[in-house]
Amino acid sequence: MKKIAPSILSSDFSKLGEEVSSLDKAGADFIHIDIMDGHFVPNLTIGPPIVRAIRHITDVPFDVHLMMDNPMDFVDEFIKAGADSITVHAEVLPHLHRAVMYIKEKGVNVGVALNPSTPIDVLDYVLDEIDMVLIMTVNPGFGGQDFIPSMLDKITLLKDMIISKDTDVHIQVDGGISLENIHTVSSAGADIFVAGSAIFSASDRRNMINKMREKASICEY
Ligand code: DX5
Ligand code: ZN
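Residues numbered from 1 in each chain as written. Chains lettered and ligands numbered in written order. Predicted model: local features only at pLDDT ≥ 70, side-chain atom pairs only at ≥ 80, totals over all residues. Heavy atoms only, no water.

### With respect to the environment of Ile-209
Reasoning step 1: One can find Ile-209 in helix H8 (residues 205–217).
Reasoning step 2: The contacts of Ile-209, once residues within four sequence positions are left out, are Ile-4, Pro-6, Ala-26, Gly-27, Ala-28 and Ile-199. (Helix = DSSP H or I, 4+ residues; strand = E, 2+ residues; numbered from the N terminus. Contact = heavy atoms within 4.5 Å.)

Now the structure itself:
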């Protein structure tokens with residue numbers, strides 16, 4: 001079953017609570033929360049207090065994407081604030097296996113994110129331990145960027161790796177996902193789709209989420 005994870009990065013932050021509630025009513029499978037530190041990516045967003053503040057608004061799982069140089073300093077705080085899954089970037093973690101095991105032991109789902117230029121072989125010895133790989137399909141930092149076409153091959157390679165290792169790791173994609181390209185990206189092997197601008201610019205969010213899920217679901221995988 002293909003899943004849609006709206007990113008609140010594209011929301012109106014002056015009414016964040018209402019925005020989260022509207023995503024809940026629109027049938028979001030996850031709420032994707034982008035945490036940016038101004039170092040790993042050239043942008044700043046929110047921290048644990050804001051995540052905690054919106055936690056009571058919905059039961060939809062919080063999918064927290066840490067775009068930070070020092071994610072492990074904040075993992076406990078984000079879990080306490082209500083994260084259901086934590087995704088960390090391989091690029092900043094020399095001890096990726098240790099980081100993955102730490103998050104896992106906390107009882108939340110764990111994802112490993114790869115920037116567009118990062119090869120998938122960094123996953124070779126952690127794939128069995130994780131719930132999800134996040135393939136960045138734009139260079140992280142901002143919403144509203146164009147999908148990078150060469151990421152389709154990367155998704156296909158990763159899907160092959162997952163099948164050959166006989167694991168059931170999810171492939172999440174993040175950046176530039178739209179109603180126009182979601183079928184192609186899904187056919188390459190992705191199964192969780194983060195979307196910010198496509199959903200927030202829609203006049204009817206429920207309709208957009210349903211249409212995206214439907215288009216993603218008509219595919220081989
Ligand atoms: C980008 C973030 C994304 C972003 C996606 O750095 O990780 O989650 O919000 O936004 P769109 O769908 O507009 O590309
Ligand atoms: Zn993200």
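What follows picks up the thread again.
### A short note on the pattern of salt bridges
Reasoning step 1: On inspection of all chains with the given rule, the structure shows seven salt bridges.
Reasoning step 2: Between Lys-104 and Glu-129 there is a salt bridge, with the nearest N and O atoms lying 2.8 Å from each other. Of this pair, Lys-104 sits in helix H4 (residues 96–105) while Glu-129 sits in the loop between strand S5 (109–114) and strand S6 (132–136), placing them 25 residues apart in sequence.
Reasoning step 3: Classification of Glu-129 as partly exposed rests on a relative accessible area of 24%.
Reasoning step 4: Through salt bridges that share partners, Arg-52, Glu-77 and Lys-80 make up one connected network. (Salt bridge = Lys/Arg side-chain N within 4 Å of Asp/Glu carboxyl O. Buried < 20%, exposed > 50% of the residue type's maximum accessible area, 1.4 Å probe, protein only.)

### Re the side chain of Ser-178
Reasoning step 1: Secondary-structure assignment places Ser-178 in the loop between strand S7 (170–174) and helix H6 (182–188).
Reasoning step 2: Those residues in contact with Ser-178 that sit more than four places away from it in its chain are Ala-198 and Met-212.

### Here we look at the environment of Gly-144
Reasoning step 1: Inspection of the secondary structure puts Gly-144 in the loop between S6 and helix H5 (151–164).
Reasoning step 2: When the C-alpha positions of Gly-144 and Leu-16 are compared, they lie 19 Å apart, and in sequence the two are 128 residues distant.

### Here we look at the coordination of the zinc ion (ligand 2)
Reasoning step 1: Coordination of the zinc ion (ligand 2) by the protein comes from His-32 (NE2), Asp-34 (OD), His-65 (ND1) and Asp-174 (OD), over a distance range of 2.0 to 2.3 Å.
Reasoning step 2: When the donors of the zinc ion (ligand 2) are listed by position in the chain, the intervening gaps give H-x1-D-x30-H-x108-D. Taken as a pair, His-32 in strand S2 (residues 31–36) and Asp-174 in strand S7 lie far apart in primary sequence, 142 residues in all. (Donors = N, O, S within 2.8 Å, 3.2 Å for Na, K, Ca; no water.)

### Brief notes about empty space enclosed by the protein
Reasoning step 1: Enumeration over the complete set of coordinates arrives at one cavity of 30 Å³ or more.
Reasoning step 2: Volume-wise, the largest cavity comes out at about 220 Å³.
Reasoning step 3: Around the largest cavity sit 24 residues that line it, and Phe-142, Gly-143, Gly-144, Asp-174 and Gly-175 are the ones nearest its centre.
Reasoning step 4: Elements with a minimum of two residues in the lining of the largest cavity: S2, strand S3 (62–67), strand S8 (192–195) and helix H7 (197–200).
Reasoning step 5: Among the residues making up the lining of the largest cavity, the classes are represented as 11 nonpolar, 11 polar and two charged. (1 Å grid on protein atoms, 1.4 Å probe; cavity = no way out; pocket = protein on both sides within 12 Å on 5 of 7 lines; lining within 4 Å. Points joined across faces, edges and corners; volume = space filled by probe spheres on them. Nonpolar A, V, L, I, M, F, W, Y, C, P; charged D, E, K, R; others polar.)

### Topic: the layout of surface pockets
Reasoning step 1: Approximately 170 Å³ is the volume attributed to the largest pocket.
Reasoning step 2: Met-1, Lys-3, Phe-30, Ser-85, Asn-109, Asp-131, Met-132, His-170 and Ile-192 are the residues that line the largest pocket.
Reasoning step 3: For the lining of the largest pocket, the class distribution of residues is four nonpolar, three polar and two charged.

### Some details on helix H2 (residues 48–55)
Reasoning step 1: Turning to H2, its buried residues are Pro-48, Val-51, Ile-54 and Arg-55. For H2, the angular spread of the buried residues around the axis is 130°, confining them to a single face.
Reasoning step 2: Those residues of H2 that are buried lie in contact with helix H1 (16–25), S2, S3 and helix H3 (75–81). (Arc of directions from axis to C-beta.)

### Looking at the sheet that holds S3
Reasoning step 1: Taken together, eight strands build an open sheet; the order of strands is S1-S8-S7-S6-S5-S4-S3-S2 and the sheet is parallel. Each of the sheet's edge strands pairs with one partner strand only, and the pair in question is strand S1 (3–6) and S2. Direction aside, the axes of adjacent strands within the sheet are offset by 25° on average.
Reasoning step 2: With five bridges joining them, S6 and S7 adopt parallel strand pairing. Paired with Leu-134 across the strands is Gln-172, a residue of S7. (Pairing = 2+ DSSP bridges. Axes fitted to C-alpha atoms, helices over the stretch in contact; angles between N-to-C directions.)

Spatial relationships are all this shows, so hold off on functional conclusions.
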